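# Report on the structure
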Amino acid sequence: MKTLKKSTVRTIIIFLIIVLCIIGYYTYLSGRKRETANDGKMTTVQLILSRDLANDYPPTVKEVIKYYVDIQKCFYNEECTDEEVEQLGLKARELYDDELLAINEESENLLRLKADIASFKAGKKQIGSVAVASSVNVDTFQEDGYEFSRIQCTYSLIENGQSSLSSTVYLLRRDENRRWKIYGWDLSKNVNPTD
């Protein structure tokens, strides 16, 4: 059996240390790239808040309600900070008709919203799926010189593992900029379709 020279053993050890350092550094950089990529992903709340309604307002009744439902899902399904709840509340108010805004003062509206969210979460409830009626099922009519639309939205609510359905009818009014704004809403069972 032949023994290796001391210089050969040192060279092999140094070579192995260099290889291990290169592998370690590569692993470190790979993990860092993944963290950076994850940092670049927006949360659902951030995505909803990023929409600029001044320049990208939903063009149809259905799209207004779909965006409003996305805001509601953030309220009730996501873990939001107080600041995010306030920002989401302001986004929702941008979808409201002037008359609805007039009877819902901003700070009072926010207090009611926070209480409603707390109650919803205390009851361990969540919004499951939401079905917004198709655009062909939008009931449009004229009244007092305004154009109105009704659209139905069915919510699947989950509470203690049990699912139940709740149906809401939204009433929207077209404003002077031809944008559909939420005028009000009620449970479907309380709405007479001929009203």
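Described below are features of the structure shown in this document. Fair warning: this is a prediction, and the values are worked out from it, not measured in the lab. (Residues numbered from 1 in each chain as written. Predicted model: local features only at pLDDT ≥ 70, side-chain atom pairs only at ≥ 80, totals over all residues. Heavy atoms only, no water.)

### Overview of helix H4 (residues 82-94)
Put simply, the rule is: In this description a helix means any DSSP run of H or I spanning at least four residues, a strand means any run of E spanning at least two, and both kinds are numbered starting from the N terminus. Take the number of residues in a helix, subtract one, and multiply by 1.5 Å to get its expected span. The rule is simple: take the accessible area with a 1.4 Å probe, protein chains only, and divide by the maximum for that residue type; under 20% is buried, over 50% is exposed, in between is partly exposed. Here, residues are in contact when the closest pair of their heavy atoms is within 4.5 Å.
Its 13 residues place the ends of H4 19 Å apart at the C-alpha level, agreeing with the 18 Å of an ideal helix rising 1.5 Å per residue. Residues of H4 that are buried: Glu84, Val85, Leu88, Gly89, Lys91, Ala92 and Arg93. Among the structural elements, helix H2 (44-49), helix H3 (61-77), helix H5 (98-102) and helix H6 (106-122) are those in contact with the buried residues of H4.

### Considering the packing of H4 against H6
Definition in use: The angle between two axes is taken between their N-to-C directions and runs from 0 to 180 degrees, where each axis is a line fitted to C-alpha atoms and a helix contributes only its stretch in contact. By definition in this entry, angles of less than 35 degrees are roughly parallel, angles greater than 145 are roughly antiparallel, angles of 65 to 115 are roughly perpendicular, and the rest are oblique. Left-handed describes a crossing in which the near helix is turned anticlockwise from the far one by less than a right angle; the clockwise case is right-handed. Only Asp, Glu, Lys and Arg are considered charged in this grouping, and only Ala, Val, Leu, Ile, Met, Phe, Trp, Tyr, Cys and Pro are considered nonpolar; every other residue, Gly among them, is considered polar.
Between H4 and H6, the least distance of the axes is 10 Å, while the angle of their chain directions is 120 degrees. Comparing the axis directions of H4 and H6 gives the class oblique. H6 is crossed by H4, and the crossing has right-handed handedness. Taking contact as the criterion, the partners of Asp82, Val85, Glu86, Gly89, Leu90 and Arg93 in H4 are, on H6, Glu106, Asn109, Leu110, Leu113, Lys114 and Ile117. Among the residues forming the contact of H4 with H6, the class breakdown is 5 nonpolar, 2 polar and 5 charged.

### Description of the pairing of strand E5 (residues 180-187)
What counts, and what does not: Pairing between strands requires that DSSP locate at least two bridges from one strand to the other.
Pairing analysis gives 7 bridges linking strand E4 (residues 162-174) to E5, with the strands arranged antiparallel. Counted as the bridge partner of arginine 173 is lysine 181 from E5. What sits between the antiparallel neighbours E4 and E5 is a turn of 5 residues, in which arginine 178 has the positive phi angle 65 degrees.

### Points about the nonpolar core
Here is a general trend for soluble globular proteins: nonpolar side chains tend to be buried in one another's company. Basically, it comes down to this: Side-chain atoms within 4.5 Å are what join buried Ala, Val, Leu, Ile, Met, Phe, Trp, Tyr and Cys residues into a set we call a nonpolar core.
Counting 35 residues, the largest nonpolar core has Ile65, Leu88, Leu95, Tyr170, Leu172 and Ile182 as its most contacted members. At the level of elements, H2, H3, H4, H6, strand E1 (125-132), strand E3 (146-159), E4 and E5 are the ones that each hand at least two residues to this core. Tallying contributions element by element places H3 first for this core, with 10 residues. If we skip the residues at most four places from it in the chain, isoleucine 182 touches Val64, Ile65, Tyr68, Leu95, Tyr96, Asp97, Leu100, Tyr170, Leu171 and Leu172.

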